[in-house]
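Below, each chain spelled out in residue letters.
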Protein chains: 4
Amino acid sequence: MIEAGIIGGAGYTGLELLRLLLMHPGVEISVVTSRRYKGKKVSSVNPHLAPFIELEYEDVDTEEIANRSDIVFAAVPHGSAMDYVPELIASGAKVIDLSADYRLKKEEYERIYKREHRDKEEREAVYGLTELHPEVKDADLVANPGCYPTGAILAVAPLVKEGLVSHVVFDAKSGVSGAGAEPSETSHYPNLAENIIPYQITEHRHVAEMRMELNVKVSFTPHVIPSIRGILTTAHVFLSTEETMTHDEIEEIYKRFYTSKRFIRLREGIPSLSAVRGTNFCDIGFGIDTVNARIVAISAIDNLVKGGSGQAIQNMNVMFGLEEEAGLWFPGLVP
Amino acid sequence: MIEAGIIGGAGYTGLELLRLLLMHPGVEISVVTSRRYKGKKVSSVNPHLAPFIELEYEDVDTEEIANRSDIVFAAVPHGSAMDYVPELIASGAKVIDLSADYRLKKEEYERIYKREHRDKEEREAVYGLTELHPEVKDADLVANPGCYPTGAILAVAPLVKEGLVSHVVFDAKSGVSGAGAEPSETSHYPNLAENIIPYQITEHRHVAEMRMELNVKVSFTPHVIPSIRGILTTAHVFLSTEETMTHDEIEEIYKRFYTSKRFIRLREGIPSLSAVRGTNFCDIGFGIDTVNARIVAISAIDNLVKGGSGQAIQNMNVMFGLEEEAGLWFPGLVP
Amino acid sequence: MIEAGIIGGAGYTGLELLRLLLMHPGVEISVVTSRRYKGKKVSSVNPHLAPFIELEYEDVDTEEIANRSDIVFAAVPHGSAMDYVPELIASGAKVIDLSADYRLKKEEYERIYKREHRDKEEREAVYGLTELHPEVKDADLVANPGCYPTGAILAVAPLVKEGLVSHVVFDAKSGVSGAGAEPSETSHYPNLAENIIPYQITEHRHVAEMRMELNVKVSFTPHVIPSIRGILTTAHVFLSTEETMTHDEIEEIYKRFYTSKRFIRLREGIPSLSAVRGTNFCDIGFGIDTVNARIVAISAIDNLVKGGSGQAIQNMNVMFGLEEEAGLWFPGLVP
Amino acid sequence: MIEAGIIGGAGYTGLELLRLLLMHPGVEISVVTSRRYKGKKVSSVNPHLAPFIELEYEDVDTEEIANRSDIVFAAVPHGSAMDYVPELIASGAKVIDLSADYRLKKEEYERIYKREHRDKEEREAVYGLTELHPEVKDADLVANPGCYPTGAILAVAPLVKEGLVSHVVFDAKSGVSGAGAEPSETSHYPNLAENIIPYQITEHRHVAEMRMELNVKVSFTPHVIPSIRGILTTAHVFLSTEETMTHDEIEEIYKRFYTSKRFIRLREGIPSLSAVRGTNFCDIGFGIDTVNARIVAISAIDNLVKGGSGQAIQNMNVMFGLEEEAGLWFPGLVP
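As the structure is a prediction and not an experimental result, all values here were calculated from the model.

A few words now on the overall build of chain A. Scanning chain A for helices and strands turns up ten helices and 13 strands. The C-alpha radius of gyration computed for chain A amounts to 20 Å, which stays within 12% of the reference 20 Å derived for 335 residues, consistent with globular compactness. Counting the 335 residues in chain A, one finds 59% classified as buried. Long-range contacts, defined here as pairs at least 24 residues apart, represent 70% of the contacts in chain A between residues at least 6 apart.

This part covers the sheet that holds strand 7 (residues 165-174) of chain D. Residues and elements named next belong to chain D. Reading across the sheet, the seven strands line up as 8-9-7-10-13-12-11 and stay open at both edges, with mixed pairing between neighbours. Each edge of the open sheet is held by one strand with a lone partner, namely strand 8 (197-198) and strand 11 (264-266). Judged from the two bridges that link them, strand 8 and strand 9 (residues 217-224) form a sheet pairing that is antiparallel. Bridge pairing in strand 9 places Pro198 opposite His223. Those strands touched by helix 6 (residues 147-161) are strand 7, strand 9, strand 10 (231-239), strand 11, strand 12 (282-289) and strand 13 (294-301), and its axis lies near 35° from that of strand 10. Against the sheet, helix 8 (residues 207-214) makes contact with strand 7 and strand 9, and its axis sits at roughly 145° relative to strand 9, the strand it touches most.

Across the contact, 24 residues belong to chain A and 24 residues belong to chain B. Grouping the constituent residues of the side of chain A that touches chain B by class yields 15 nonpolar, five polar and four charged.

The subject of this paragraph is the interface of chain D and chain A. Each side of the interface is counted separately: chain D has 37 residues, and chain A has 37 residues. Grouping the constituent residues of the side of chain D that touches chain A by class yields 17 nonpolar, twelve polar and eight charged.

As a further point, take the environment of A:Tyr37. Within the secondary structure, A:Tyr37 sits in the loop between strand 2 (27-33) and helix 2 (42-45). Residues A:Tyr37 and A:Ala10 lie 27 residues apart in sequence; the distance between their C-alpha atoms is 7.9 Å.

Here chain D sits on chain A after a turn of 180° about the axis and a move of 0.0 Å along it, with an RMSD of 0.0 Å. The operation mapping one copy onto its partner corresponds to a two-fold rotation axis. The overlap is high: 100% of the interface residues of chain D also sit at the interface in chain A, so the same surface is used on both sides.

With that out of the way, let us pick up helix 1 (residues 12-21) of chain A. Residues and elements named next belong to chain A. Burial analysis of helix 1 places ten of its ten residues in the buried class, which makes it a mostly covered element. Turning to helix 1, its buried residues are Tyr12, Thr13, Gly14, Leu15, Glu16, Leu17, Leu18, Arg19, Leu20 and Leu21. On its buried side, helix 1 packs onto strand 1 (2-7), strand 2, helix 2, strand 3 (71-74) and helix 10 (305-319).

This next bit is on the environment of C:Lys114. All names here are of chain C. With respect to the helices and strands, Lys114 occurs in the loop between helix 5 (106-113) and strand 5 (126-127). For Lys114, a count of 9 C-beta atoms within 10 Å translates into the label exposed. Remark: the alpha-carbon pair of Lys114 and Gly79, spanning 35 residues in sequence, is separated by 9.9 Å.

The subject of this paragraph is the domain arrangement of chain A. Residues and elements named next belong to chain A. The domains assigned to chain A are domain 1 (2-123) and domain 2 (147-303). In this structure, domain 1 and domain 2 have C-alpha centres spaced 27 Å apart. Facing seven residues of domain 1, the contacting portion of domain 2 comprises seven residues. A total of three residues in the side of domain 1 that touches domain 2 trace back to one element, the largest contributor, which is helix 5 (residues 106-113). Classifying every residue of the side of domain 1 that touches domain 2 gives four nonpolar, one polar and two charged.

The next point concerns the packing of helix 6 of chain D against helix 8 of chain D. Residues and elements named next belong to chain D. Following both chains from N to C, one finds helix 6 and helix 8 inclined at 20°, their axes separated by 10 Å at the closest point. For the element pair helix 6 / helix 8, the angle class is roughly parallel. Crossing angle aside, the handedness with which helix 6 passes helix 8 is right-handed. In this structure, helix 6 contributes Pro149, Ala152, Ile153, Val156 and Val160 to the contact, and helix 8 contributes Glu209, Met210, Glu213 and Leu214. Here the contact of helix 6 with helix 8 is built from residues that sort into seven nonpolar, no polar and two charged.

The subject of this paragraph is the relation of the copies chain A and chain B. Once turned by 180° and shifted 0.0 Å along the axis, chain A lies on chain B with an RMSD of 0.0 Å. When the interface residues of chain A are mapped onto chain B, 100% of them again lie at the interface, so the same face is used by both copies.

Bringing the pairing of strand 13 (residues 294-301) of chain C into the picture now. A regular strand places its side chains so that they alternate between the two faces of the sheet. All names here are of chain C. Here strand 13 lies mainly inside the structure; eight of its eight residues are buried. The two faces of strand 13 match: Arg294, Val296, Ile298 and Ala300 on one face and Ile295, Ala297, Ser299 and Ile301 on the other face are all buried. Between strand 12 (residues 282-289) and strand 13, which follow one another and run antiparallel, lie four residues, and Ala293 among them has a positive phi close to 50°.

Residues and elements named next belong to chain C. Between helix 6 (residues 147-161) and helix 9 (residues 247-257), the shortest axis-to-axis distance is 9 Å and the interhelical angle comes to 105°. If you check the angle between helix 6 and helix 9, you find them roughly perpendicular. Taken together, the residues of helix 9 that come into contact with helix 6 (itself represented by Ala157, Pro158, Leu159 and Lys161) are Ile253, Tyr254 and Phe257. Residue classes in the contact of helix 6 with helix 9 are distributed as six nonpolar, no polar and one charged.

Right, let's get into the environment of C:Ser177. Relative to the assigned elements, C:Ser177 resides in the loop between strand 7 (165-174) and helix 7 (189-192). Residues C:Ser177 and C:Arg205 lie 28 residues apart in sequence; the distance between their C-alpha atoms is 18 Å.

Let us look at the pairing of strand 4 (residues 94-97) of chain B. Residue and element names in this part refer to chain B. Covered by surrounding structure in strand 4 are Lys94 and Ile96 together with Val95 and Asp97, the residues of both alternating faces. As defined by bridge partners, strand 3 (residues 71-74) adjoins strand 4 across four bridges and the pair is classed as parallel. Bridge pairing links Ala74 to Asp97 in strand 4. Handedness of the strand 3-helix 4 (residues 85-90)-strand 4 crossover: right-handed. Sheet analysis places strand 4 next to strand 6 (residues 141-143), joined by three bridges and oriented parallel. Counterpart to Val95 in the pairing with strand 6 is Leu141.

Generally, phi is negative for residues other than glycine and the peptide bonds are trans, each holding for most cases. The omega torsion across B:Ala50 and B:Pro51 is -5°, close enough to zero to call that bond cis. When you line up the elements, B:Pro51 lands in the loop between helix 2 (42-45) and helix 3 (62-67). Look at A:Ala293: it is not a glycine, yet its phi comes out positive at around 50°. Taking the number of C-beta atoms within 10 Å as the measure of exposure, A:Ala293 has 18 and is therefore partly exposed. Here the phi dihedral of D:Lys114 falls at roughly 55°; this positive angle occurs in a residue that is not glycine.

Quick look at the sheet that holds strand 5 (residues 126-127) of chain A now. Residues and elements named next belong to chain A. Pairing is parallel in the open sheet, where six strands are placed in the order 2-1-3-4-6-5. One side of each edge strand has no neighbouring strand; the edge strands of this open sheet are strand 2 and strand 5. Alignment of strand 1 against strand 2, held across six bridges, turns out to be parallel. Residue pairing for strand 2: Gly5 is matched across the bridge by Val31.

Attention now moves to the confidence of the model for chain A. In the predicted model, chain A carries a mean pLDDT of 97, and the fraction of residues at 70 or more is 100%. For this predicted complex, the interface confidence comes out at an ipTM of 0.97, alongside a pTM of 0.98.

Rules used throughout
- Residues numbered from 1 in each chain as written.
- Chains lettered and ligands numbered in written order.
- Predicted model: local features only at pLDDT ≥ 70, side-chain atom pairs only at ≥ 80, totals over all residues.
- Helix = DSSP H or I, 4+ residues; strand = E, 2+ residues; numbered from the N terminus.
- Rg over C-alpha atoms; globule rule 2.2 N^0.38 Å.
- Buried ≥ 20, exposed ≤ 12 C-beta atoms within 10 Å, placed from the backbone.
- Contact = placed C-beta atoms within 7 Å.
- Pairing = 2+ DSSP bridges.
- Axes fitted to C-alpha atoms, helices over the stretch in contact; angles between N-to-C directions.
- Nonpolar A, V, L, I, M, F, W, Y, C, P; charged D, E, K, R; others polar.
- Least-squares fit on C-alpha atoms with pLDDT ≥ 70 in both.
- Domains from an automatic or database assignment.
- Parallel < 35°, antiparallel > 145°, perpendicular 65-115°, else oblique.
- Left-handed = near helix turned anticlockwise from the far one by under 90°.
- Right-handed = clockwise from strand over helix to strand, strands pointing away.
- pLDDT = per-residue confidence, 0-100.

See the structure below:
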């Protein structure tokens, strides 16, 4: 059994790791930390986890976490993970960081996140978009992708790889759980119900990951929708070629690119959020707009699973030589 | 492996059986019927089930269904199941009927459902409220309880058994999936969102099951809430005794009654729907109103799982000597 | 023009007063206070009110508010209104208090709200359930009813007045705006969506108003539903008489009681929240359960209008001899 | 008083005309037609309109409608309005057609809507985007714009007029009332809640109106969101100039263009749907993405008001020389 520790087990990312890892056939939770709930039973703070977990939240030092764990999931805010990672790695644990701290080159990170990077090492983290980065299997440190980049990159990577793309406009719609477990103006029911809230409309930080992975011109605008979970990404893909391609040709490009990638489901119709609810799937569909030389590609993910904790577990599976689907292979909650 | 057939595999009850049985370690789906979708792949009609099922919907005769199955789930409307059950039983299959056709005594059924019961046999069906009816294990025919009776009966059975109850007012609030997969006035988003819709406020048919099981005075009023899943039942329990009981005494009564019933979770706080979402749990909490000699007991279930297909599988597990939790033991989708 | 001041103009009660009073043909807003937003334009804090109001939020002393106003609406939390009312009255303003501070007898208030009542006078406030208290027209101080009591009392008052009622169980379902404009655990979208949350299930403070007005045995349990606005009250009315009454007889009792009460709409069918959305109407319907000698009466109101600010304005209209419907006579926002 | 007739008074467009016109100080409803509800009281089919309307639904011939009305609103489906308009005009009524039948040039209409245009006249309809078409005031026939074009065109018209725009990607999110009052797969609560549904992702018919009015390259993709009302349009505007413009310069362009257009509210922040709920306002905000020479302009309207019946009444006001705001001047329903 793999011993897995979770730093930050009371936020949505941590809770989703728990929900999934508790059912994982090859994993045992070794430690779950929370300063706020230290000493309380995880299942009394989160009744949906009863009676699946007996542990209490702890607040122990980093070395001890590493010693008790084969792998540690850092489910803490951006800017905080970098305080744990060096010591975890030094103590011999593998690490999957669900924050942004190791996704970008250090200078890029400091520019975008407007803070100093306190990790003094030049550390080789693998960007954990599992389908695109097989080198995850040899990684000691995986930087788990942001939720928006996951949906956006997967939607268009096959077209980009073929050199077809000159510019992509990603218009993304996210469930509000992406904003965290803490009540806020945006998550206040009377503000969000019967509404849709655009934010950071010209300069969201996640765009840096999209540009790093895709290397094409990227525009991005996110919105919060009245849904708990899910990100639907509408990718308006403008082609670099004048040549018209058929639906079959485009489909073939997607199929080839995603051969044997079992969490990617190419859909004949247009995907929406319900079929991926609670799962690690990324559903993708597309249409061709010949008037504008535009392909509209739509991807749907669960932001907390494929867009976060599920992909982290997928990465763990790859790192430890388990089946990539272990603990993640079940259908969505429909209806 | 148990071979399980599903009659009526395109409605919400049938789909939920599929979602759960496809993950069940001891079951293989042998046949799924649907007249409407005959010949279509189950997973192309229901993309959330891809790639978990390869079968097509079929429209085959009852005997063949029985021959291909160890157990058959009848997930068809009230009044229709009775056309399948006699032949299924005669052909040697065990049957779990998710309709109302075998829940009540025949005369009672005909009075309440205002139709003739066409099954000519006096058939011994076991009422499949699993926690209350251990005789499920020897049954060939289980009448799976209604969604409302499941939540209502479980909320108060321990108090009733102690002889404490003179009258219960069940005020129930159900997610709209209980009204089925077919679009209707009630399920029309602009009608249901930002609303709550009371219906059949004085005489819903499910009250007959509650009276049959509880044998006390029962009042019942159901409402549809803007939620996909779930039934929250508020049981206003009026006591037959003047004697005041403490919270601990009442809790002890519940604990004793539900000892080793692993799907019943007694909650310290007040339950709500989120912790049971997608699961077979029934969460129960209560408070004491000394002014009115009233106990307010609250139960929360997922109407499609414990209130339907999940309980049906729980019954199947018991009938076939499997672990009662097989295929049903996972935490709810929170958030 | 009546000069109207609002103390506490940034909460939902204050905002709803503004939304309605700004359209009122006989009223001019004289002053709106908010400590938090002092000096900011009301319409820049609340863009939906642009360009209807030019005023800024102020933080001025009570006497000045009184001097600038013919009537003052106290839209502040329970326990705070009593700090304003004595001076407002002394300075010659009429007052409508939307908090609980003057609804109950002083000793009752102190017992229920667990705080001292700091108003040293024995003050005669009229309980402003307009349809039941014509003496509002001569009042200087109106205690505007709670949202739950408004829906509950109106649902059953005609039956109670006829001496028909022995016991009522009010099971109420409220939109979350009743919990205020401040984000909280309950109003956090991932907690409330797809859910219904019972709270204070045996002892909510509002029950005191119901008992005061109805003088029968009352049980009460409230729930929060995933809706912004509205309270649907399901009144399970147990009759004191064995005699069966017909639907027509009951209807006649309601019609007679509510003759010329234009905000009460007796409905042939069962009311729900949509038809009253944004309005001062109270829709009422009922059914008879002969098995249990129970009448199920359903009332639907908008908690912020008839359950709060609208009723306050209705009271103001009566106090100043205006048409009772002035500023409040428009249909609901359907769909 | 203007006598106004409504053809098609039972759909959402017709009901919204009723909700608004019943409060309009200068209008009297002369006739409301519905084949389905002929002979029934409008207020018994639609309880939210009681007691504001005494009329019954009628099914009378076109000439009679014209004779009883100064203006007739055609609130019927596309392809049906053209059967009424010629006779209405011939009989001397003015007409506002809320369908698509007269929005486009005849050949364009036939190409896009894939049906023959049965009106044999070459008729001069004015495209009723009131802010952009002052010639509405002399029109006998106004073609009321589509809901999506209204939000889209208003969001970018000032930039287009300045010659700044080379290409716009409109990514629109609509409440489901746009799909009508009839229950459907899309409006089925379990399908839409917790979801967002893209449709006609490359070729929605409304794009023709956008191109006609804007005369720039337009890409358009619509989505249905879990909201009853509202359209939020995210306009990704790609500039034809390399020159960088400041926020103030862009704001100045908007302000100048919309001077004295009282239903357009330029917002400092980013608009969302709540502030326009139930109103005829169009809220607009924007941001500048210098990396991509992109302006992101966001518009928010209520699809049934500014995107339909409200704008129709605004046009009527202009046609009859009333104040443009008559009957439409009130704040949104917030929260």
